[in-house]
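Topology and contacts: notes
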Amino acid sequence: AQKVTQAQTEISVVEKEDVTLDCVYETRDTTYYLFWYKQPPSGELVFLIRRNSFDEQNEISGRYSWNFQKSTSSFNFTITASQVVDSAVYFCALKRAGTYKYIFGTGTRLKVLA
Amino acid sequence: SQTIHQWPATLVQPVGSPLSLECTVEGTSNPNLYWYRQAAGRGLQLLFYSVGIGQISSEVPQNLSASRPQDRQFILSSKKLLLSDSGFYLCAWKPRDTGRTDTQYFGPGTRLTVL
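For the structure given in this document, a descriptive report is provided here.

Parameters at a glance
- Residues numbered from 1 in each chain as written.
- Chains lettered and ligands numbered in written order.
- Predicted model: local features only at pLDDT ≥ 70, side-chain atom pairs only at ≥ 80, totals over all residues.
- Heavy atoms only, no water.
- Phe/Tyr/Trp six-rings, centres within 6.5 Å; stacked < 30°, edge-to-face > 60°.
- Helix = DSSP H or I, 4+ residues; strand = E, 2+ residues; numbered from the N terminus.
- Buried < 20%, exposed > 50% of the residue type's maximum accessible area, 1.4 Å probe, protein only.
- Lys NZ or Arg CZ within 6 Å of the ring centre and 35° of its normal.
- Salt bridge = Lys/Arg side-chain N within 4 Å of Asp/Glu carboxyl O.
- Pairing = 2+ DSSP bridges.
- Axes fitted to C-alpha atoms, helices over the stretch in contact; angles between N-to-C directions.
- Core = buried A, V, L, I, M, F, W, Y, C linked by side-chain atoms within 4.5 Å.
- Contact = heavy atoms within 4.5 Å.
- Polar contact = N/O pair within 3.5 Å; in protein donor to acceptor, adjacent residues only side chain to side chain.
- Buried area = accessible area lost by both parts, 1.4 Å probe.
- Nonpolar A, V, L, I, M, F, W, Y, C, P; charged D, E, K, R; others polar.

**Brief notes about the packing of aromatic side chains**
- One pass over the structure, following the stated rule, counts 24 aromatic pairs over all chains.
- Ring centres 5.7 Å apart and planes at 80° place the aromatic pair Tyr102(A) and Tyr34(B) in the edge-to-face group. Of this pair, Tyr102(A) sits in the loop between β10 (88-96) and β11 (103-104) while Tyr34(B) sits in strand β4 (residues 32-38), on two different chains. Each member of the pair, Tyr102(A) as well as Tyr34(B), is classed as buried.
- Plain terms: the ring middles of Tyr36(B) and Phe106(B) are 5.5 Å apart, the flat faces sit at 45° to each other, and that makes the pair tilted. With Tyr36(B) in strand β4 and Phe106(B) in strand β10 (residues 105-106), this residue pair connects regions lying 70 residues apart in the sequence. Just as Tyr36(B) is buried, Phe106(B) falls in that class too.
- When the ring centre of Tyr102(A) is taken as origin, the NZ or CZ atom of Lys95(A), which lies over that ring, is 5.7 Å away.
- Just above the ring of Phe88(B) sits the side chain of Arg111(B); from NZ or CZ to the centre is 4.3 Å.

Now the structure itself:
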């Protein structure tokens, strides 16, 4: 069975602090994809990143970075120098190659306080 | 570029009334289409997905139905709404050609309140 766990329900940080959102997944497949989405108060899910299971290279995009470790089945997301605009619910998701369904975690609500 | 539209943006309906939510995608052909529901403060629940015109797969038994009358149009319906149908409904699409990307893109959503 496939599963995505985001154990952190809600995180509050003060602006400019670094914060890491955890994502742990379960799958028996060798080829799969991992995703992070941001859901701001407006509601629309915004795609942030996709990672293939065969590419463990970490990625950095501005203040955002992602750490993919197959050994621990984790795909963690770090925001450096957080800003109020980063306040949102963040979802991690998993998809098996060749299938249609995406498995979402329950989301982590991030509150960045000014 | 591709865009996805949903309407209405918000809807307030009485219990027992019918429902029709529409989703359209522009700038792509043969997309896979999805309907999700998000209850207040909760995660995403996949309701339906479609890989082609007239092809609908249902994920959960409920009083909702979906149809895909055209390649880039996906409709969510109900004959009689229940209080438990309240939530935020998100439509999403994915390119059919999975050789390059398996990324799913979401619409702006419809916030439904059943009273």
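**Quick look at the pattern of salt bridges**
- As enumerated under the stated definition, the model contains ten salt bridges over all chains in all.
- Here Arg96(A) makes a salt bridge to Asp29(A), at a shortest N to O gap of 2.9 Å. With Arg96(A) in strand β10 and Asp29(A) in the loop between β4 (24-26) and β5 (32-39), the pair connects residues that are 67 residues apart, well separated along the chain.
- Close ionic contact of Lys101(A) with Glu59(B) constitutes a salt bridge, the shortest N to O distance being 3.1 Å.

**Regarding the sheet that holds strand β1 (residues 3-7) of chain B**
All names here are of chain B.
- Sheet architecture is open: four strands sit in the order β1-β3-β8-β7, paired in antiparallel fashion. The open sheet terminates on both sides in strands that have one partner only, identified here as β1 and β7 (64-70). Strand-to-strand twist of the sheet, defined as the mean angle between neighbouring strand axes without regard to direction, takes the value 20°.
- Two strands pair when backbone bridges link them, and strand β3 (residues 19-26) and strand β8 (residues 73-78) are joined in this way by six bridges, in the antiparallel orientation. Counterpart to Cys 23 in the pairing with β8 is Phe 74.

**A word on the nonpolar core**
- Counting residues in hydrophobic clusters, the biggest one holds 23 residues, and the most contacted among them are Trp36(A), Phe75(A), Phe77(A), Tyr90(A) and Leu110(A).
- Elements with a contribution of two residues or more to this core: β2 (10-14), β3 (19-21), β5, β8 (64-69), β9 (74-79), β10 and β12 (108-113) of chain A.
- With four residues, β10(A) is the single largest residue contributor to this core.
- For Phe77(A), the contacting residues outside a window of four places in its chain are Val19(A), Thr20(A), Leu21(A), Trp36(A), Leu48(A), Tyr64(A), Ser65(A), Trp66(A) and Tyr90(A).
- One finds Leu11(B), Leu47(B), Leu64(B) and Leu76(B) within the second-largest nonpolar core, a separate group that totals 20 residues.

**Description of the side chain of Ser82(A)**
All names here are of chain A.
- With respect to the helices and strands, the residue Ser 82 is situated in the loop between β9 and β10.
- Among the polar contacts made by the side chain of Ser 82, one reaches the main-chain carbonyl oxygen of Glu 17 at a distance of 2.8 Å.
- In this structure, Ser 82 is in contact with Val 13, Val 14, Glu 15, Lys 16, Glu 17, Arg 63 and Val 112, ignoring residues within four places of it in sequence.

**A short note on the interface of chain B and chain A**
- Contacts between the two partners involve 24 residues from chain B and, on the opposite side, 18 residues from chain A.
- Summed over both partners, the interface of chain B with chain A buries about 1700 Å², with 56% contributed by carbon and sulfur atoms.
- Across the contact surface, chain B and chain A share two salt bridges.
- For the pair chain B and chain A, the interface holds six residue pairs in polar contact (both at pLDDT 80 or more).
- At the level of elements, β4, β5 (44-52), β9 (87-94) and β10 of chain B are the ones that each hand at least two residues to the side of chain B that touches chain A.
- A per-class count over the side of chain B that touches chain A returns eleven nonpolar, seven polar and six charged.

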